[in-house]
Amino acid sequence: MSARINLNTVPVCPDERWVVAGHDKGGVFHWDPEEVRLHLPRRADARALLGAAIRKELAAAREEAFNANLLDWLFLRQSFIPWEWRRTGGYHRMVLF
């Protein structure tokens, strides 16, 4: 399946208590699951990690993250989320954005 995702638009903020910490425009992205990699935190207890800690970990590894527009797009089209992201070793994995 092919799709174009506009990473330049303003991300959706579903609740006034939520805040977009930063938004770097990313142009138009042509969906290819081979171009998107799920980042798995290095800590075993990922429930204790906050978004700021994960952003620091990505920066230290010199990895770039997609902006929230990809999340918005995937939320509306969950069939595009690769099954490999959802399961590991027979267990269901919780994917957070």
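Above this note sits the structure.
Residues numbered from 1 in each chain as written. Predicted model: local features only at pLDDT ≥ 70, side-chain atom pairs only at ≥ 80, totals over all residues. Heavy atoms only, no water.

### A few points about the overall build of the protein chain
Then step 1. Regarding its fold elements, the protein chain presents three helices and four strands.
Then step 2. In sequence order, the secondary structure elements of the protein chain are arranged as β-β-α-α-α-β-β.
Then step 3. Restricting the contact set of the protein chain to residue pairs at least 6 apart, pairs at least 24 apart contribute 53%. (Helix = DSSP H or I, 4+ residues; strand = E, 2+ residues; numbered from the N terminus. Contact = heavy atoms within 4.5 Å.)

### Considerations on the nonpolar core
Across soluble globular proteins, you tend to see nonpolar side chains buried next to one another.
Then step 1. Ile5, Trp31, Leu70, Trp73 and Leu74 are the most contacted members of the largest nonpolar core, which has 13 residues in total.
Then step 2. Looking at this core, the element that brings in the most residues is helix α2 (residues 68-76), giving three residues. (Core = buried A, V, L, I, M, F, W, Y, C linked by side-chain atoms within 4.5 Å. Buried < 20%, exposed > 50% of the residue type's maximum accessible area, 1.4 Å probe, protein only.)

### A look at the packing of aromatic side chains
Then step 1. A full pass over the atoms with the stated rule returns five aromatic pairs.
Then step 2. Each ring, one from Trp31 and one from Phe80, has its centre 6.3 Å from the other, and the planes form 85°; the classification is edge-to-face. Note that Trp31 is positioned in the loop between β2 (28-30) and α1 (51-60) and Phe80 in the loop between α2 and α3 (83-86), a separation of 49 residues in sequence. Pair check on accessibility: Trp31 and Phe80 agree, each one buried. (Phe/Tyr/Trp six-rings, centres within 6.5 Å; stacked < 30°, edge-to-face > 60°.)

### Some thoughts on the side chain of Asp72
Then step 1. Within the element layout of this structure, Asp72 appears in helix α2.
Then step 2. When sequence neighbours within four positions are dropped, the list of residues in contact with Asp72 reads Pro11 and Val12.

### Quick word on a negative patch on the surface
Then step 1. Where like charges cluster on the molecular surface, the negative patch consists of Asp32, Glu34, Glu35 and Glu84.
Then step 2. Along the polypeptide, Asp32 turns up in the loop between β2 and α1. (Patch = residues over 30% accessible without salt bridge, like charges linked within 9 Å, V, L, I, M, F, W, Y side chains within 5 Å. Areas by Shrake-Rupley, 256 points an atom, 1.4 Å probe, with all protein chains shown as cover. Salt bridge = Lys/Arg side-chain N within 4 Å of Asp/Glu carboxyl O. Lys, Arg positive; Asp, Glu negative; His and termini not counted. Charge placed at Lys NZ, Arg CZ, Asp CG, Glu CD.)

### Examining α2
Then step 1. Of the residues making up α2, those classed as buried are Asn69, Leu70, Asp72, Trp73 and Leu74.
Then step 2. Those residues of α2 hidden inside the fold are in contact with β1 (4-6) and α3.
Then step 3. Between the side-chain oxygen at the start of α2 and the backbone nitrogen of Asn69 there is a gap of 3.0 Å, and the oxygen is on Asn67. (Polar contact = N/O pair within 3.5 Å; in protein donor to acceptor, adjacent residues only side chain to side chain.)

### Description of the environment of Val12
Then step 1. Looking at the secondary structure, you find Val12 in the loop between β1 and β2.
Then step 2. Judged by relative accessible area, which is 54%, Val12 ranks as exposed.
Then step 3. Remark: the alpha-carbon pair of Val12 and Asn69, spanning 57 residues in sequence, is separated by 7.7 Å.

### A closer look at the environment of Ile81
Then step 1. In this structure, Ile81 sits in the loop between α2 and α3.
Then step 2. When its relative accessible area of 13% is taken as the criterion, Ile81 is described as buried.
Then step 3. Along the primary structure Ile81 and Pro33 are separated by 48 residues, whereas in three dimensions their C-alpha atoms are 8.1 Å apart.
Then step 4. Non-local contacts of Ile81, meaning those with residues more than four positions away in its chain, are made with Leu74 and Arg86.

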